[in-house]
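These are the residues of each chain, in order.
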Amino acid sequence: MVGSVAIERQRPRLRADASRNRERIVTAAREALVEHGPDIPLDEVARRAGVGNATLYRHFADRRQLIRTVTLSVMERVARRAEAALAEEPDAFEALRRFTHEAADERIGALCTLLSGAFEEGDPELVSVGEHLTAAVQALISSAHRSGQLRTDVAVGDLMVALSQLTRPLPGTACFNIDRFAHRHLQLFLDGLRTPARSELPGSAVTLEDLQQKS
């Protein structure tokens with residue numbers, strides 16, 4: 001958490017109107033990333049944000065910078081969601097359930113760009129925020145394990161893979177209103193995480209390090 005605060009302090013403050021435009025662009029890009037992946041058309045991002053292309057380029061020099069900003073934003077917001085769920089829910093599995101659905105609303109599918117190796121290894125800001133996110137979600141998983149409600153062969157990476165896959169439209173479809181189905185399917189997934197386990201999972205529990213390994 002300290003790292004995120006330090007990062008925020010390093011960012012220059014914008015005028016109120018410029019700050020609103022920047023936030024609209026990041027929000028629009030987050031939606032477009034979920035739907036189109038890293039090849040999002042910047043013209044489409046500007047259109048969704050309700051700004052001109054010149055305004056977009058004043059804030060973000062290129063696609064890579066925009067995607068990096070969106071990725072950081074999603075990671076920070078999802079980490080805070082995990083911390084709040086753990087702090088506010090007395091039941092460990094309910095905290096995990098709440099976080100899972102809230103992470104879907106934060107468009108966590110946009111983080112596929114991070115897991116695909118789209119950024120330089122060792123980017124200090126991504127590393128810092130990534131560690132914050134990992135620790136926050138791991139705390140939720142560990143709490144649910146200790147309560148005896150979460151099957152022991154499930155790890156952070158398993159949850160993140162399911163979240164990413166279940167909150168993105170199917171390839172080659174126009175199913176952009178994925179919210180109609182995502183929460184339904186996420187609840188089915190969560191039901192499968194509860195103990196007692198009804199089957200033996202193939203392979204081993206997935207960590208975030210497993211997801212970030214390059215083939």
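Quick caveat, the model's predicted, so the values are computed rather than measured.

J.: What should I look at first to understand the overall build of the chain in this one?
T.: The secondary structure content of the chain amounts to 11 helices and 0 strands. Going from N to C terminus, the chain has its helices and strands arranged as α-α-α-α-α-α-α-α-α-α-α. Going through the 215 residues of the chain one by one, you find that 43% of them count as buried. Contacts in the chain between residues far apart in sequence, at least 24 positions, make up 74% of those at least 6 positions apart. Element-wise, carbon and sulfur atoms account for 51% of the exposed surface of the chain, whose accessible area totals about 11,700 Å².

J.: Would you mind showing me how to read the packing of aromatic side chains here?
T.: Geometry of an aromatic ring pair is reported as the spacing of the ring centres plus the angle between the planes. Under the defined criterion, the tally for this structure stands at 0 aromatic pairs. The ring of Phe 93 carries the charged tip of Arg 194 above its face, separated from the ring centre by 4.0 Å.

J.: Explanation requested: the nonpolar core in the structure shown.
T.: What tends to happen in soluble globular proteins is that the nonpolar side chains get buried as a cluster. Grouped together as the largest cluster of nonpolar side chains are 51 residues, with contacts concentrated most on Val 45, Leu 66, Phe 99, Val 137 and Leu 163. For this core, the elements supplying multiple residues, two or more each, are helix H2 (16-36), helix H3 (42-49), helix H5 (63-88), helix H6 (92-105), helix H8 (124-147), helix H9 (156-166) and helix H10 (179-193). Those residues within four positions of Val 45 in sequence are excluded, and the remaining contacts are Ile 25, Ala 28, Ala 29, Ala 32, Ile 40, Leu 56 and Leu 66.

J.: How should I be thinking about the side chain of Arg 30 in this particular structure?
T.: Among the structural elements, Arg 30 can be located in helix H2. The exposure class of Arg 30 is buried, given its relative accessible area of 10%. At 3.2 Å, the side chain of Arg 30 forms a polar contact with the side chain of Glu 106. Not counting chain neighbours up to four residues away, the residues in contact with Arg 30 comprise Val 70, Val 74, Arg 77, Glu 106, Arg 107 and Ala 110.

J.: Looking at this structure, I do not really get the UniProt feature "DNA-binding region" (unreviewed entry) in the chain. What am I missing?
T.: UniProt feature "DNA-binding region" (unreviewed entry): in the numbering of this structure it lies at residues 41-60. For residues 41-60, the helix share is 75%, the strand share is 0%, and the end-to-end C-alpha distance is 14 Å.

J.: Is there a simple way to think about the packing of H2 against H5 in this case?
T.: Helix packing geometry: the angle between the two helix axes and the distance between the axes. One way to put it is that H2 packs onto H5 with a least axis distance of 9 Å and a crossing angle of 90°. Taken together, the axes of H2 and H5 are roughly perpendicular relative to one another. Two secondary-structure elements touch here, H2 through Arg 22, Glu 23, Ile 25, Val 26, Ala 29, Arg 30 and Leu 33 and H5 through Leu 66, Ile 67, Thr 69, Val 70, Ser 73, Val 74 and Arg 77. Considering only residue class, the contact of H2 with H5 consists of 8 nonpolar, 2 polar and 4 charged.

J.: Mind showing me how you'd approach the side chain of Gln 149 here?
T.: On the secondary structure map, Gln 149 appears in the loop between H8 and H9. At a separation of 3.0 Å, a polar atom in the side chain of Gln 149 contacts the side chain of Ser 147. Sequence-distant contacts of Gln 149, defined by excluding residues within four places in its chain, comprise Asp 91, Ala 92, Phe 93, Ala 144, Leu 193, Arg 194 and Thr 195.

J.: Help me understand the confidence of the model for the chain, please; the structure alone is not making it clear to me.
T.: Interpretation of this model should avoid reading the predicted coordinates in detail wherever pLDDT is low. Across the chain, pLDDT averages 83, with 81% of residues at or above 70. Per-element averaging of pLDDT across the chain places helix H1 (residues 2-10) at the bottom with 49 and H6 at the top with 95.

J.: Before we go on, may I ask you to explain the packing of H5 against H8 in this structure?
T.: It is the contact of H5 with H8, at a shortest axis distance of 9 Å, that shows an interaxial angle of 30°. Classified by the angle between their axes, H5 and H8 sit roughly parallel to one another. Crossing angle aside, the handedness with which H5 passes H8 is left-handed. In this structure, H5 uses Arg 68, Thr 71, Leu 72, Met 75, Glu 76, Val 78, Ala 79, Ala 82, Glu 83 and Leu 86 to contact H8, whose residues at the interface are Glu 125, Leu 126, Val 129, Gly 130, His 132, Leu 133, Ala 136, Val 137, Ala 139, Leu 140 and Ser 143.

J.: So what exactly am I meant to see when it comes to the environment of Ala 104 here?
T.: Looking at the element boundaries, Ala 104 is found in helix H6. Setting aside its immediate chain neighbours within four residues, Ala 104 contacts Leu 163, Thr 167, His 183 and Leu 186.

J.: Could you clarify how one ought to interpret the pattern of salt bridges in this entry?
T.: Two side chains bearing opposite charge may form a pair once their charged atoms approach each other closely. By the definition in use, this model includes 14 salt bridges. The closest approach of N and O atoms between Arg 47 and Glu 44, which form a salt bridge, is 2.7 Å. Of this pair, Arg 47 and Glu 44 both sit in helix H3, 3 residues apart, roughly one helical turn. Of the charged contacts in the structure, one is a salt bridge between Arg 68 and Asp 123, with a shortest N-O distance of 2.8 Å. Separated by 55 residues along the polypeptide, Arg 68 in helix H5 and Asp 123 in the loop between helix H7 (112-115) and H8 bring together distant segments of the chain. Among the charged side chains, a network of salt bridges with common partners joins Arg 30, Arg 77, Arg 81, Glu 88, Glu 89, Arg 98, Glu 102 and Glu 106.

Calculation rules
- Residues numbered from 1 in each chain as written.
- Predicted model: local features only at pLDDT ≥ 70, side-chain atom pairs only at ≥ 80, totals over all residues.
- Heavy atoms only, no water.
- Helix = DSSP H or I, 4+ residues; strand = E, 2+ residues; numbered from the N terminus.
- Buried < 20%, exposed > 50% of the residue type's maximum accessible area, 1.4 Å probe, protein only.
- Contact = heavy atoms within 4.5 Å.
- Areas by Shrake-Rupley, 256 points an atom, 1.4 Å probe, with all protein chains shown as cover.
- Phe/Tyr/Trp six-rings, centres within 6.5 Å; stacked < 30°, edge-to-face > 60°.
- Lys NZ or Arg CZ within 6 Å of the ring centre and 35° of its normal.
- Core = buried A, V, L, I, M, F, W, Y, C linked by side-chain atoms within 4.5 Å.
- Polar contact = N/O pair within 3.5 Å; in protein donor to acceptor, adjacent residues only side chain to side chain.
- UniProt positions renumbered as here; feature names shortened; annotations may be inferred.
- Axes fitted to C-alpha atoms, helices over the stretch in contact; angles between N-to-C directions.
- Parallel < 35°, antiparallel > 145°, perpendicular 65-115°, else oblique.
- Nonpolar A, V, L, I, M, F, W, Y, C, P; charged D, E, K, R; others polar.
- pLDDT = per-residue confidence, 0-100.
- Left-handed = near helix turned anticlockwise from the far one by under 90°.
- Salt bridge = Lys/Arg side-chain N within 4 Å of Asp/Glu carboxyl O.

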